[in-house]
Amino acid sequence: MSKPFVKSFSVLMALTLALPVYASPFRVPQSETAAMSLHGLEKVGIDGWTKFLVKGKNAGLSVSELREPIMVALSQAKNEQELFKSIKTIAESAKINSLEDYRDLGVLLLELRQELRQHKGMGLKSRQDSLFLMEMLAEESLHVGSKKFANFPQEISIGGANSTTGKATALRTFQVQTGDVVLSKATGFGSSSFIALTMDHPHIYSHSTPVYVSNQGELLSPEADIEDGVKLRRMAKDYIDGSKTRMYIYRYQGAEGATQNKIEAGAQSLITDMYQRTEGDPFTKAAYKYDFSMTPGEVNSRGMFCSSVAYEMYARAGLTGNKNPYAESVWSPISKSREELLKILNMNTNKVPAPGDLELNPEFRLVGARIDVSKLSQDRVEMAIVDTFLREIANNRETLQRVADVLNSLSSKPIDKEALKKMAASGILPKELADKAAMIDKIPDSINLKQMVFFAFLNEVMTPKLRGALMLQVSALEKTGKIVGPVELRKMARAQGKLMLAELSKLEEKVMATTGVGSCGKVLL
C-alpha cells in the first residue's frame, strides 16, 4: 500500500510497448450476465441515494434535525443493508434543496461516521462495510451538491481532537503531533483504487503514513513509497500542496504523558535507525526497500509497506494490541475474488494491515478529516473502472487466464537496473527511449517486471483511456440534468469493456513479442 508512482512505470511500459507488435487473435468475452454493484455493498441500492439527492425536496426537517434519528439508526442497525434503509428513510423527511442543505448533509454523515466506529452491536465485517457506506453517502451528497451549485465549497473539513500533548505542528487546519497516523487516497491513478478495492471489504484509503514532528517543529514522516522505499519525507508536498482526494488523521487516545513520551521515543528510534542505514541522508536514500509481498512482521528482512511503518513505530514504543494502530485483530483478509490475481503478482499473503484497518481500532480517535470535493467526480469514475476490471477478472476465467498468461511470461526476479543502464549506454534501447534512460534509477529496488507491467497497464493505459471516455459520457449526461450513481457508473464502465479488453490484448501482443527476442527482451523478461 502506498501512494501511486508514475515515472518508473513509464520506463518499463515504454520499453515493453516500443517493441514490435505481433498479430494476435486474442479476444476476451465479457461477463454480460454478472450483476453490477459496489464491492462490499452488493445488497445496498446505493443509486437510490443518488436519485434522491438529485431530485431533492422543498420542505421538511432541517438537516440538523436528522442527527438524533440517524444516531439511533446507527445504534440499532445490524448490518449495512439495515443502515442504508434507515438513513435513506430519515433523510427523505428533510428539506434538501439548497447549497447549505447538501453541504450540511455531507458533513453530518462524515461526523456520524465516527460514531459508527464505536458501534459494538455490529460485527467487525458489517462495521467495515458500513463505514464504507457512510463515506459513500456523505461523498455522494457533496458530489451532487457540487453539480447543482457552481459555488459549492471545493473542500470540506471536519475536526475532532484539537489539543496536543507532544511535539506538534500544523497540517492544513489541524494540529498534529508525533505518532498521529494519516490515511489518504489520491486521484489520478488506477493503482490507488486497486489498493482500496483489493481487500475482502472495501476501503476508502490507499495509503497510510505516521507523523513525526522534529525538534525544530518541522512536519515530517518516515513514509513508505512504492517507488523508492522508506525515506524521511516533508509532508507539505503531498499533504498540503498535493492532490489528496481524502485525508483522515487519527491519534491514539492514550497519547499523553508517559505514553506520548514512549511514542516519541519509538518514533525517534526509527528515525535514528533510518539515519544510520542511509549514512545520514534518509531524505534522499531509502532506509528500507518497499515490501511488494505485503508480508507483515518481516520488516528487517523484506522492508516495509505503508501501514507497516506506523506498526513498526508503535512496536518500537512497546505499544501492542489495540495500542498499536494496526493491531493484528483488525487486519484485513484479501478478497477471495482478488486473491488469484495477487498471487500471480507474487503477493502471497492472505491477510494484511490495510491502511483503513486503523478505523476498526477503537483506541484511535479522529483528529480531523478533509475531502477535496473538486476531485470526487474523477475519483468516482476511477473507482468504477477498477472495480469493474477486478470483477471481470473474478467472474470470467478466460480473462483471468489471459492476464495470467501475460504476466507469467515475465520475470519474478527483481529488475536488473545495472543491465538496463548498460543497454542505455550501448544504444541497445530503442532510440526514442534514450531521454528516459536516466529514469532507470527510479525503478524500485525490489519490484519485478510482472508487477511493473501490471501497474503500468493499470495506471498509464487502462485507467486514463477509460476515464477519458467515461468522463465525456458523464459530462454529457450532466448537461441534461442527470447525475449517475456509483452502480450506473460501473454499468457504463462495463459497456466500455471492449476498449478495456482491447488494451489488454495489445499488452499481451507486445509482451509476447518480446519473449526471448533480442537483447532487450532477454534482460527484461
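Scroll up to find the structure this text is about.
Definitions and cut-offs
- Residues numbered from 1 in each chain as written.
- Predicted model: local features only at pLDDT ≥ 70, side-chain atom pairs only at ≥ 80, totals over all residues.
- Heavy atoms only, no water.
- Core = buried A, V, L, I, M, F, W, Y, C linked by side-chain atoms within 4.5 Å.
- Buried < 20%, exposed > 50% of the residue type's maximum accessible area, 1.4 Å probe, protein only.
- Contact = heavy atoms within 4.5 Å.
- Helix = DSSP H or I, 4+ residues; strand = E, 2+ residues; numbered from the N terminus.
- Pairing = 2+ DSSP bridges.
- Expected span 1.5 Å × (residues − 1).
- Bend = angle between axes of the 7 residues up to and from the residue.
- Axes fitted to C-alpha atoms, helices over the stretch in contact; angles between N-to-C directions.
- Parallel < 35°, antiparallel > 145°, perpendicular 65-115°, else oblique.
- Salt bridge = Lys/Arg side-chain N within 4 Å of Asp/Glu carboxyl O.
- Phe/Tyr/Trp six-rings, centres within 6.5 Å; stacked < 30°, edge-to-face > 60°.
- Lys NZ or Arg CZ within 6 Å of the ring centre and 35° of its normal.

**What to know about the nonpolar core**
- Counting 69 residues, the largest nonpolar core has Ile46, Trp49, Ile70, Leu109 and Tyr248 as the members making the most contacts within it.
- The contact partners of Trp49, leaving out residues within four places of it in the chain, are Phe84, Ile87, Lys88, Ala91, Leu105, Leu109, Leu137, Glu140 and Ser141.
- Among the nonpolar cores identified, the runner-up in size contains 62 residues, and Ala384, Ile447, Leu449 and Phe454 belong to it.

**Considering unusual backbone geometry**
- Not every positive phi belongs to a glycine, and Arg172 is a case in point at roughly 55°.
- In this fold, Arg172 is placed in the loop between strand S2 (168-171) and strand S3 (174-177).
- Arg172 gets classed as partly exposed once you look at its relative accessible area, which sits at 27%.
- Even without being glycine, Glu279 reaches a positive phi, approximately 55°.
- Glu279 gets classed as exposed once you look at its relative accessible area, which sits at 71%.

**Thoughts on the pairing of strand S8 (residues 229-234)**
- Burial of S8 is extensive: five of the six residues sit out of reach of the surface.
- Inspection of the sheet shows strand S7 (residues 219-225) paired to S8 by six bridges, in the antiparallel sense. Looking across to S8, one finds that Asp225 is bridged to Gly229.
- Hairpin connection of S7 to S8: three residues between the antiparallel strands.

**Quick word on helix H16 (residues 449-479)**
- Over its 31 residues, H16 extends 43 Å from the first C-alpha to the last, a length consistent with the 45 Å expected when each residue adds 1.5 Å.
- Along H16, the largest kink reaches about 35° and is centred on Thr463; proline Pro464 follows within four residues of it.
- Positive phi appears at Gly481, one or two residues downstream of H16, with a value of about 95°.

**Brief notes about the sheet that holds S7**
- Spatial ordering of the open sheet is given by S6-S7-S8, a layout of three strands whose pairing is antiparallel. Every interior strand has two partners, whereas the edge strands, strand S6 (212-213) and S8, have only one.
- Its contacts with the sheet place helix H9 (residues 257-277) against S6, S7 and S8, and it is angled at close to 110° to S8.

**Remarks on the packing of helix H2 (residues 46-55) against helix H4 (residues 80-91)**
- At a minimum axis separation of 11 Å, H2 and H4 run at an interaxial angle of 10°. Considering their axes alone, H2 and H4 lie roughly parallel with respect to each other. Packed against H2, whose contacting residues are Ile46, Gly48, Trp49 and Phe52, the element H4 presents Phe84, Ile87, Lys88 and Ala91 at the interface.

**Description of H9**
- Look at H9: 30 Å from first C-alpha to last across 21 residues, which is about the 30 Å you get at 1.5 Å a residue.
- Of all the positions in H9, only Gln260, Ile263, Glu264, Gly266, Ala267, Leu270, Ile271, Asp273 and Met274 are classed as buried.
- On the buried face of H9, the contacting elements are S3, S6, S7, S8, strand S9 (244-252) and helix H11 (306-316).
- Once H9 finishes, Glu279 follows within two positions and takes phi at roughly 55°, a positive value.

**A word on the pattern of salt bridges**
- As enumerated under the stated definition, the model contains 29 salt bridges in all.
- When the shortest N-O distance is used, the salt bridge between Glu135 and Arg246 registers 3.9 Å. Here Glu135, found in helix H6 (residues 124-148), pairs with Arg246, found in strand S9; they are 111 residues apart in sequence, far enough to count as distant. Just as Glu135 is buried, Arg246 falls in that class too.
- Here Arg233 ties to Asp228 by a salt bridge, and the two come within 2.8 Å at their closest N and O atoms.

**Notes on the packing of aromatic side chains**
- Tallied over the entire structure, the rule returns eleven aromatic pairs.
- Judged by centre distance (5.5 Å) and plane angle (75°), the rings of Tyr205 and Tyr248 are edge-to-face. Of this pair, Tyr205 sits in the loop between helix H7 (190-196) and strand S5 (207-210) while Tyr248 sits in strand S9; the two residues are 43 residues apart in sequence, bridging distant segments of the chain. Side by side, Tyr205 and Tyr248 carry an identical accessibility label, which is buried.
- Ring pairing ties together the aromatic residues Phe194, Phe454 and Phe455, which thus form one cluster.
- When the ring centre of Phe283 is taken as origin, the NZ or CZ atom of Arg234, which lies over that ring, is 4.3 Å away.
- Sitting above the plane of the Tyr288 ring, Arg277 keeps its charged end 4.0 Å from the centroid.

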